[in-house]
Amino acid sequence: MSIGPRADAVSYRATLDVLGDEGFRLFFPLAAIHAALWPFLWVAAFGFGLPLSDSIPPGLWHAHEMIIGAFGGALIGFITTAVPEWTDTNRLRGRVLFVLAGLWGAARVIGFVGAEALGIVGALCDLAWLAFLVVYLVRVSMAKRSTRLVAFVFWISCLLAAEAVTRYAFLDMAHAAELADRFLHIAGFVFLGILGIALARITVPVTNLVLDPSQETSPFRPHPGRMNLAPGLVALLVVAEAFGLSEATTGYLLIAAGAAFMDRVAENFIGREIVRAEILALAGSSGFAGLGLMLMGASRLGFEIPAYAGLHLALMGGLGLGVLAVFSIAGLRHTGQGLGLVRQTRFALLLLVLATLLRVVPEVFPTTLLPGPPFVLVSLLWAAAFLLWLRVYWPFFRDPVTIQHQGC
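Everything numeric here is computed off the predicted structure, so don't read it as measured data. (Residues numbered from 1 in each chain as written. Predicted model: local features only at pLDDT ≥ 70, side-chain atom pairs only at ≥ 80, totals over all residues. Heavy atoms only, no water.)

A. Structural context of the overall build of the protein chain. The number of helices and strands found in the protein chain is 13 helices and 0 strands. Along the protein chain, from the amino end to the carboxyl end, the secondary structure elements read α-α-α-α-α-α-α-α-α-α-α-α-α. In terms of overall size, the protein chain behaves like a compact globule, its C-alpha atoms giving a radius of gyration of 21 Å where 408 residues would be expected to give roughly 22 Å. Taken along the three principal axes of its C-alpha coordinates, the protein chain extends 60 × 55 × 50 Å. Relative to its 408 residues, the protein chain shows a buried fraction of 54%. The contacts in the protein chain between residues at least 6 apart in sequence include a share of 79% that link residues at least 24 apart. (Helix = DSSP H or I, 4+ residues; strand = E, 2+ residues; numbered from the N terminus. Rg over C-alpha atoms; globule rule 2.2 N^0.38 Å. Buried < 20%, exposed > 50% of the residue type's maximum accessible area, 1.4 Å probe, protein only. Contact = heavy atoms within 4.5 Å.)

Written out as structure tokens, the structure is:
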């Protein structure tokens, strides 16, 4: 009778050992679970409210928990996985990853129900893991005497500053509601900047692998002067937004940054291989981000376009699709699998696209049939996308056979 529990305990410890071997194994599933559950609970269970929040508008809680929560978890997994590979350094493993997960997770538990009384605890947890990432990037850069990570140091430092201001505003919503809203927008823009530089690093090797699976040649070489155009323009937008420049100024910057993302889409026209799911997902991420930013810019310039339609298209579509694409591609490559998304993964990506369109299109083109977004259906499709991805990839992530001691 005692053999079973001991075997389960051994299996449990073995799974923890595997999950703690590399950042993506732990944080990609955690981020996927949070991304799936939080919007659905907020819509279907809490009715767009929060049980333990009185003063902070639920919409701001929602934005914060998606940007810093779900996308933040993805960021931790991405940085702790990609940086060791890019710099040929030892990866973070074991206890340090679980401490990061504890900090991130504690803030998410508080955020799930909007526990304002514990807001300062959640703030300290989120600021702690963000500060850790900045310090980690700086230490690796100094150890390797490299400037390759400077862009990520800049962007994550901006995210840390935006989170600090947002959390401060949360503590004094009677006087700082506008400040919280503005810096949550900035946090979203910062993530789009990170998306821009991440896509610049990811798209090239993925496209070359699609074009030449033997990896003997590199037929795809993007224009070097345009690789960082989108994040560069987003950086200008972040500065303008932080200093509170006019809506006309930020409107034109939004359109310029959006156009730069659309330029990234053009680089994905590589012939018939463009129909590969990996290429379409990366191009779609840039496309949604670009179109969303341009819609936001048009709204600020006076066009009758709901501002939040553009914001959701950029973050939910652009950033969400980019995150799920990275989960899917990196999840294969870092577990020793060949490139090529299975049918369930392609369907998960399609579900996320449908969720985004159902959230945005009825706001931009309302009809009597669909006068507004069907929020419950949107949240279900969004949740299904991440949970289906998790169902496909969880066996790889927890299997010790898939541990690789060298980069993908």
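After that view, the rundown keeps rolling.
B. Representation of the confidence of the model for the protein chain within the structure. Predicted confidence across the protein chain gives a mean pLDDT of 92, with 96% of residues reaching 70 or more. Throughout residues 1-7 the model reports pLDDT below 50, and contacts reaching past four residues in sequence, or to other chains, amount to 0 contacts. (pLDDT = per-residue confidence, 0-100.)

C. Representation of the packing of aromatic side chains. In the structure shown here, the tally under the stated rule is 19 aromatic pairs. Seen from their ring centres, Phe24 and Phe397 are 5.1 Å apart, and the 85° between their planes marks the pair as edge-to-face. Of the two residues, Phe24 is situated in helix H2 (residues 23-45) and Phe397 in helix H13 (residues 375-398); the sequence distance between them amounts to 373 residues. On the accessibility criterion, Phe397 (0% relative accessible area) is buried. Joined through ring pairs, the aromatic side chains of Phe24, Phe28, Phe327, Trp389, Tyr393, Phe396 and Phe397 make up one cluster. Here the guanidinium or amino end of Arg201 rests over the ring plane of Trp86, the centre of that ring lying 4.6 Å away. (Phe/Tyr/Trp six-rings, centres within 6.5 Å; stacked < 30°, edge-to-face > 60°. Lys NZ or Arg CZ within 6 Å of the ring centre and 35° of its normal.)

D. Structural view of H2. An ideal rise of 1.5 Å per residue puts 33 Å on 23 residues; H2 measures up with 31 Å between its terminal C-alpha atoms. Positioned one or two residues after H2, Gly47 has a phi angle of 60°, which is positive. (Expected span 1.5 Å × (residues − 1).)

E. Examining helix H7 (residues 173-211) more closely. Given a rise of 1.5 Å per residue, 39 residues ought to cover 57 Å, and the 53 Å separating the end C-alpha atoms of H7 matches this to within 8%. Of all the bends found along H7, the most pronounced is centred on Leu179 and spans about 30°. (Bend = angle between axes of the 7 residues up to and from the residue.)

F. Spatial organisation of the packing of helix H11 (residues 307-333) against helix H12 (residues 343-364). Running from N to C, H11 and H12 point in directions that differ by 175°, and their axes come no closer than 9 Å. Comparing their axes, H12 and H11 come out roughly antiparallel. Here H11 contributes Tyr308, Ala309, His312, Leu313, Met316, Gly317, Gly320, Leu321, Leu324, Ala325 and Ser328 to the contact with H12, which in turn contributes Thr345, Ala348, Leu349, Leu352, Val353, Ala355, Thr356, Arg359, Val360, Glu363 and Val364. Looking at side-chain class alone, the contact of H11 with H12 contains 14 nonpolar, 6 polar and 2 charged residues. (Axes fitted to C-alpha atoms, helices over the stretch in contact; angles between N-to-C directions. Parallel < 35°, antiparallel > 145°, perpendicular 65-115°, else oblique. Nonpolar A, V, L, I, M, F, W, Y, C, P; charged D, E, K, R; others polar.)

G. Main features of the nonpolar core. Of all hydrophobic cores here, the largest spans 133 residues; its most connected members are Ile79, Phe327 and Phe386. For Ile79, the contacting residues outside a window of four places in its chain are Pro84, Leu133, Tyr136, Leu137, Phe152 and Ile156. (Core = buried A, V, L, I, M, F, W, Y, C linked by side-chain atoms within 4.5 Å.)

H. Focus on the side chain of His34. In this structure, His34 sits in helix H2. For His34, a relative accessible area of 3% gives the class buried. Among all residues touching His34, those that are not within four sequence positions of it are Pro39, Glu65, Gly69, Ala70, Trp104, Arg108 and Phe112.

I. Representation of empty space enclosed by the protein within the structure. Scanning the entire structure with this criterion turns up 2 cavities of 30 Å³ or more. As a volume, the largest cavity reaches approximately 190 Å³. As for the largest cavity, its lining consists of 14 residues, of which Phe78, Ile194, Ala198, Val323 and Val326 are closest to the centre. Mapped by element, the contributors of at least two residues to the lining of the largest cavity are helix H3 (58-87), H7 and H11. Here the residues of the lining of the largest cavity are counted per class, giving 13 nonpolar, 1 polar and no charged. The volume enclosed by the second largest cavity comes to roughly 50 Å³. Leu199, Thr203, Arg264, Glu267, Asn268, Leu282 and Ser286 together form the lining of the second largest cavity. Only H7 and helix H10 (277-300) provide two or more residues apiece to the lining of the second largest cavity. When its residues are assigned to classes, the lining of the second largest cavity shows 2 nonpolar, 3 polar and 2 charged. (1 Å grid on protein atoms, 1.4 Å probe; cavity = no way out; pocket = protein on both sides within 12 Å on 5 of 7 lines; lining within 4 Å. Points joined across faces, edges and corners; volume = space filled by probe spheres on them.)

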